[in-house]
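Results of the structural survey
Here is how the chains run, residue by residue.
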Amino acid sequence: MRVILFLIRKEFLQIFRNKSILPLILVMPVIQLFILSYAADFEIRNVRVFWMDDDQSTSSRMLLQKIQASDYFQLVDQSFSPKAADLALEQRKTDLVFHIPQEFEHNLFREGHADIQLTADAIDGTKAGLGTYYANLLIQDFSRDWLAKYGSNIHIQAASMPSIVPTYSFWYNQHLNYKTFMVPGILVMLVTMIGAFISAMNIVREKELGTIEQLNVTPIRKYQFIAGKLIPLWILGLFIFTVGLVVAKLAFHVPIIGSLFLIYGFTAIYLVMILGLGMLISTFTNTQQQAMFISWFFLVIFILMSGLFTPIENMPPWAQNLTLINPIRYFIEVIRLVMLKGAVFQDVSLQFVVIGLYAIIINGLAIWNYRKTV
Amino acid sequence: MTREAVISVHHLLKTFGSFHAVNDISFDVYRGEIFGFLGANGAGKTTAMKMLTGLWKPTSGKATVAGYDVFTQAESVKRSIGYMSQRFSLYADLTVKENIELFGGIYGLSTRHIREKRIELLSRLALTDSEHELISALPLGWKQKLAFSVAMLHDPQIIFLDEPTGGVDPITRRQFWDLIYEAADMGKTIFVTTHYMDEAEYCDRISMMVDGKITALGTPEDLKKQFLAKDMDEVFIKVARHTQPIAQ
Amino acid sequence: MKRFAAFVTKEFYHILRDKRTLVILIGMPTVMIMLFGFAITNELKEARVAFLDHSNDPQTLAIQEKILASPYFSLSGQISSPTGIEDIFRDGQTKLVMVFESDFGQRLEKDGQANIQLIADATDPNTASTVVNYAQAIILDYTRNIIPQQSTPLINVQSQMRYNPELNGVYYFVPGLIAILLMLVSAMMTSISIAREKETGTMEVLLASPMKPAQIILAKVVPYVLLSFLDAVLILTLGKFVFGVPILGSLGLLLGVTLLFILLALSLGILISTVSPNQQTALLLSLMGLMLPTILLSGFIFPIENMPLPLQVISNIIPARWFIIAVKSIMLKGSGFLLLWKEILIMFGFILFFIAVSVRKFKIRLE
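As the structure is a prediction and not an experimental result, all values here were calculated from the model.

With that settled, the discussion passes to the overall build of chain B. When its secondary structure is counted, chain B shows 8 helices and 10 strands. For chain B, the C-alpha atoms occupy an extent of roughly 55 × 40 × 40 Å along the three principal directions. Scored against the burial criterion, the 248 residues of chain B give a buried share of 44%. In chain B, the proportion of contacts linking residues at least 24 apart, taken out of those at least 6 apart, comes to 69%.

Listed below in structure tokens is the structure:
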């Protein structure tokens, strides 16, 4: 309707005249996208090893060579002193300590087995777990090599046991590129944050300045007011999303296997929802500080529980159920399914329905809760 | 001579917690008059006005504006009135032209109508050359005059002005009142709040609010006679002294 | 002194009356620590695995049973043909498909070798490699168990997980959580509070009063110091009593370092407010320029060692990084003051730097 068009025009004029907001909105997301994509890497690499060899035998040196040759491990120091090892752990100079006791080689030949001690800095539990796991694999590998070399010297059956050979392949992301996984999700996060903040702050700002009163005193209808705010921000949101998408493709080479049309379709509906959420928040707050704070609070929780950084499947059942009402979860699912796996509409129809319902309910609430007469 | 009451207020009350901002006021405003709603800062004038313009809900009591009940028919009230708030709420980051077009559009005026009004309005205020300037760039006096004119764009019969002349020099104030007279001559009813007592002389009738209550009501002449005062300042002082402070 | 006290009281009223913000200030630490403690983890649980079994003999079924018996895996379904793999991946739930070749059992007995194909959905690379690793381990274990004569492994590895024996994820996050929340309260809120006085013009009124500028700022800052401290103590308490996060080192040292960081965040907040003409700018600057980089680059969630070199360098100027290191060391390693001199010195340096710049900016403004 005409009234809404007038309001849209006003918003655009204000946005483009606002010299500080515009670069922040456009530049910041791009920067964040870059930084975040490079920083957000949970892959375990370069586990630092402190080597304590009390045996100094051919066998122990064989193991050392294996460690040095490995891509996973990085030898940082060696010493005889347990104190040095402890210090290295405490001062975060190493992640893992390999301790080869004195009788290592002797025991291998005499008894047919020997001990090795691994000590890990387990503050980062995942890293410690995977680090020791890889260490174990490496030691097993060493065992095979050692047996192949010296196995005939001792009466141990070589591995003529039946073996199952597992081969593995990775689909959709052959090179296990972490960025391919993270970037679409980060894009979602950015669009979400910007969308919610802009729309919440926008209305509250008018409240603080008093200009909202001048609108409230006109015969303007509530839905016209909300639509007049929603539409320009929606267009802006789609624009930012496009910029982000271009960056994702050009800078990070993220594949876009599925239909772009489908991606945009979902984003469009999602934007309506998230902008509506911002507006709903603004109907409850009177100062920009409050609006910011409340938005921040909800967003952080939603984002953390959305499967962006840590998989939803790893959460306890009660938490997984909670994520069912988390709209961000659905966007992340859709964007990963469609972009990286080429999912079609039937695969994500459930998510569409959920977000669509959300959009209607939240915007309806925003309109209902907005008071022209206080 | 029967006159039509375009604003009718009966025992209007607005409380915030235990604080009575507007404490049971009753009065009428007749068509075509300039009604001055006087009182010191914090007396409750703005609160009363916000109820009459449909912005705030009354706690109790009844009021009709242009025949519509402010409690149940707030939106109809808004269609019939113009409003200029204390904070000159035109958009500072939009130009003169853009503001006029925006509010014209919101009130449902046709594009041609808006254009006609805009040209006429700007020439009357001698602002035609400043059409493309941002509101923030205009001096305060021009902003006020512009805000008033925008409030009248849709030709409302009743105009509410909340402290329209705050912070400008006497000459600009005088110019603003010329605009008010012009509007009154066109048959419009003007409801204006102010804490400048000399402006009371410009009104047809005035009321005085002290601590949420109306303590005086009538023409300036009548009040001066009633309180044996030579000007409205003195009337106000005498009124304020007579009134007991309301126990909280 | 009385004037000062009156001023501090005023600031307290501001804060206490803003109930919504207050609720979030107390609620946020609680919610976040619950989330991190219970829900947010990289540890694999019940990963969905599907089987494409061309043999369906006792061995393949035994392997499937073993896989499903592990807490890491749960059944997604059985696939009948290779085309089903794509479909089940597209559904999104399944992480791994295990393909058993035909005549599996026979091949194992006769040839001594049989093949299993592990196909992982690698959209999440970390999960994919973990899933493959665990599956391999289980298969290996199965292999060892079917040999009639048990061969003891050549090498027996004894592992000790130091500082965090149960590999509890929460240990890693709690220090960072404190840092983030302190940044939020001390830096962001302070900057907005001061910017608000500027925006509404009351700052000028205050400056015209007999109170010195330093006193004004100090008075503004005191309530936030207390609030931040409260938040920090809240997190530490919750961490200790709900999740068993230990405080091995000296509590006094821990609180001291926390106070130091609060002062750091405050000085940063003050700095931001000197360059912000209004609240919106202070808000955006705090958020984009402070909070987000802190969350990303301080080592709170993402390990610094994994980042490319340029980001690691940048991480050095993120104040929170040093605080997090100090707190982790004190809480989980029991480190003493001597080991932390570097971090403490750096934090001091930051404080001095921020205050110096703020004072300069303030003076310029007054001229």
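Additional details are given in the paragraphs that follow.
The next point concerns the overall build of chain C. Counting secondary structure elements, chain C contains 14 helices and 5 strands. Here chain C has a C-alpha radius of gyration of 28 Å; the compact-globule value for 367 residues is 21 Å, and the former is much larger. Oriented by its inertia axes, the alpha-carbon framework of chain C measures out at about 95 × 45 × 35 Å. Counting all 367 residues of chain C, 43% fall into the buried class.

Turning next to the sheet that holds strand β7 (residues 158-162) of chain B. Adjacent strands of a sheet form backbone hydrogen bonds with each other and so pair up, either parallel or antiparallel. All names here are of chain B. Pairing is mixed across the open sheet formed by 6 strands, whose spatial order is β6-β7-β8-β3-β9-β10. What marks the edges here is a single partner per strand, and that holds for β6 (81-84) and β10 (213-218). Neighbour to neighbour, the strand axes of the sheet diverge by 15° on average, direction disregarded. Where strand β3 (residues 34-39) lies against strand β9 (residues 205-210), 5 bridges are found, and the strand directions are parallel. Paired with Phe 35 across the bridge in β9 is Arg 205. Those strands touched by helix α5 (residues 140-151) are β6 and β7, and its axis lies near 165° from that of β6. Along the sheet, helix α8 (residues 232-242) contacts β9 and β10; its crossing angle with β9, the most-contacted strand, is approximately 40°.

Before going further, it helps to examine the interface of chain A and chain C. The interface is formed by 85 residues belonging to chain A together with 89 residues belonging to chain C. Of all the secondary-structure elements, those providing two or more residues to the side of chain A that touches chain C are α2 (21-39), α4 (82-90), β4 (114-121), α6 (125-150), β5 (163-171), α7 (178-209), α11 (288-304) and α13 (327-341) of chain A. The residue inventory of the side of chain A that touches chain C, partitioned by class, reads 47 nonpolar, 25 polar and 13 charged. Across 8 bridges, β4 of chain A lies against strand β5 (residues 155-162) of chain C in parallel orientation. By the bridge assignment, Gln 117 of chain A is partnered in β5 of chain C with Gln 158 of chain C.

Looking now at the sheet that holds strand β5 (residues 68-69) of chain B. All names here are of chain B. Strand order in the open sheet made by the 4 strands is β2-β1-β4-β5, with antiparallel pairing throughout. Because the sheet does not close on itself, it has two edges, and the strands there are β2 (19-30) and β5. Bridge analysis of strand β1 (residues 5-16) against strand β4 (residues 60-65) gives 5 bridges, and the strand direction is antiparallel. Residue pairing across strands places Val 9 opposite Ala 63, the latter belonging to β4.

Let us now look at unusual backbone geometry. Phi at His 253 of chain A is positive, roughly 55°, even though this residue is not glycine. Turning to its location among the elements, His 253 of chain A is positioned in the loop between α9 (222-252) and α10 (260-284). Judged by the 11 C-beta atoms lying within 10 Å of it, His 253 of chain A falls in the exposed class. In this structure, His 11 of chain B takes a positive phi of about 50° despite not being glycine. With respect to the helices and strands, His 11 of chain B occurs in strand β1. According to the C-beta neighbour criterion, His 11 of chain B is partly exposed, with 13 such atoms within 10 Å.

Turning our attention to the domain arrangement of chain C. Assigned domains within chain C: domain 1 (9-40 + 165-361) and domain 2 (47-146). On a C-alpha basis, the centres of domain 1 of chain C and domain 2 of chain C stand 48 Å from each other.

Let's shift gears to the arrangement of the chains. When the 2 pairs of chains in contact are compared, the highest contact count belongs to chains A and C. Looking at chain B next to chain C, you find no contact at all, with the nearest C-alpha pair sitting 14 Å apart.

Residue and element names in this part refer to chain C. Under the 1.5 Å per step criterion, the end-to-end length of helix α7 (residues 169-200) is 45 Å for 32 residues, consistent within 8% with the ideal 46 Å. Most pronounced at Met 189, the bend in α7 amounts to some 25°. Among the 32 residues of α7, 27 are classified as buried, and the element is accordingly described as predominantly covered. Taken from the residues just after α7, Gly 201 is the one with a positive phi, measuring 85°.

Another aspect to go through is the nonpolar core. In this structure, Phe 191 of chain B together with Leu 177, Ala 179, Leu 182, Met 183 and Phe 323 of chain C are the most contacted members of the largest nonpolar core, which totals 282 residues. When residues of this core are assigned to their parent elements, the largest contribution, 20 residues, is made by α7 of chain C. Those residues in contact with Leu 177 of chain C, other than ones at most four positions away along the chain, are Met 32, Ile 33, Phe 36 and Ile 235 of chain C.

With that settled, consider the packing of α7 of chain A against α13 of chain A. Residues and elements named next belong to chain A. Contact geometry for α7 and α13: axes closest at 9 Å, N-to-C directions at 140°. With respect to their mutual orientation, α7 and α13 come out oblique. Our pair here, α7 against α13, has a crossing hand that is right-handed. On the side of α7, the interface is formed by Thr 180, Pro 184, Gly 185, Val 188 and Thr 192, while α13 contributes Ile 328, Phe 331, Ile 332, Ile 335, Arg 336, Met 339 and Leu 340. Of the residues belonging to the contact of α7 with α13, the class tally is 8 nonpolar, 3 polar and 1 charged.

Residue and element names in this part refer to chain C. Packing of helix α9 (residues 213-243) against helix α10 (residues 251-274) leaves a shortest axis separation of 10 Å and a crossing angle of 135°. Comparing their axes, α10 and α9 come out oblique. Here α9 and α10 pass one another in a crossing that is right-handed. Residue-level contacts link Ile 217, Val 221, Tyr 224, Val 225, Ser 228, Phe 229 and Ala 232 of α9 to Thr 258, Ile 262, Leu 266 and Ile 270 of α10. Across the contact of α9 with α10, the residue classes break down as 9 nonpolar, 2 polar and no charged.

Interface extent is often summarised as the accessible area lost during association of the parts. Taken together, the 19 residues of chain A in the interface contact 21 residues of chain B. Considering each element in turn, the side of chain A that touches chain B owes the most residues, 7 residues, to helix α1 (residues 2-17) of chain A. Considering only residue class, the side of chain A that touches chain B consists of 7 nonpolar, 8 polar and 4 charged.

Reading guide: rules and limits
- Residues numbered from 1 in each chain as written.
- Chains lettered and ligands numbered in written order.
- Predicted model: local features only at pLDDT ≥ 70, side-chain atom pairs only at ≥ 80, totals over all residues.
- Helix = DSSP H or I, 4+ residues; strand = E, 2+ residues; numbered from the N terminus.
- Buried ≥ 20, exposed ≤ 12 C-beta atoms within 10 Å, placed from the backbone.
- Contact = placed C-beta atoms within 7 Å.
- Rg over C-alpha atoms; globule rule 2.2 N^0.38 Å.
- Pairing = 2+ DSSP bridges.
- Axes fitted to C-alpha atoms, helices over the stretch in contact; angles between N-to-C directions.
- Nonpolar A, V, L, I, M, F, W, Y, C, P; charged D, E, K, R; others polar.
- Domains from an automatic or database assignment.
- Expected span 1.5 Å × (residues − 1).
- Bend = angle between axes of the 7 residues up to and from the residue.
- Core = buried A, V, L, I, M, F, W, Y, C linked by C-beta atoms within 7 Å.
- Parallel < 35°, antiparallel > 145°, perpendicular 65-115°, else oblique.
- Left-handed = near helix turned anticlockwise from the far one by under 90°.

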